[in-house]
Amino acid sequence: MENWAIIPETQQVCVDFSGSPEDAANLLRELVAAKIPLTEFHCTQEDLETIFLKMGHQQAS
């Protein structure tokens, strides 16, 4: 896990995670084994623009 944040309003934890689908499955397995109560687990991908901006580049005006 590279970066994470707790979102109290929605009782969610958001995790930045780079890995394969198998790595995500292993992460889920470890969370369940640690007895962390989960009601949902899903993966999303950021679009290229968001990734580019996170790298510190700004759009040319």
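First, a word on what this report is: a plain description of the structure on this page.

**Topic: the overall build of the protein chain**
If you tally the helices and strands in the protein chain, you get two helices and two strands. The N-to-C order of helical and strand elements in the protein chain reads β-β-α-α. Taking all 61 residues of the protein chain together, the buried fraction comes to 5%. A fraction of 6% describes how many contacts in the protein chain between residues 6 or more apart in sequence connect residues 24 or more apart. Put simply, the protein chain shows about 5,800 Å² of open surface, and 55% of that area lies on carbon and sulfur atoms.

**Side note on the pairing of strand β1 (residues 3–7)**
By the bridge criterion, five bridges tie β1 to strand β2 (residues 12–16) in an arrangement that is antiparallel. When the bridges of β2 are listed, Asn-3 appears paired with Asp-16.

**Regarding unusual backbone geometry**
The phi torsion at Gln-11 lies on the positive side, around 55°, for a residue other than glycine. Its place among the elements puts Gln-11 in the loop between β1 and β2. Here Gln-11 falls in the exposed class, since its relative accessible area comes to 75%. A positive phi angle, near 60°, is found at Lys-35, a position not held by glycine. Mapping Lys-35 onto the fold places it in the loop between α1 (21–33) and α2 (48–54). With relative accessibility at 73%, the residue Lys-35 sits in the exposed group.

Conventions and cut-offs
- Residues numbered from 1 in each chain as written.
- Predicted model: local features only at pLDDT ≥ 70, side-chain atom pairs only at ≥ 80, totals over all residues.
- Heavy atoms only, no water.
- Helix = DSSP H or I, 4+ residues; strand = E, 2+ residues; numbered from the N terminus.
- Buried < 20%, exposed > 50% of the residue type's maximum accessible area, 1.4 Å probe, protein only.
- Contact = heavy atoms within 4.5 Å.
- Areas by Shrake-Rupley, 256 points an atom, 1.4 Å probe, with all protein chains shown as cover.
- Pairing = 2+ DSSP bridges.

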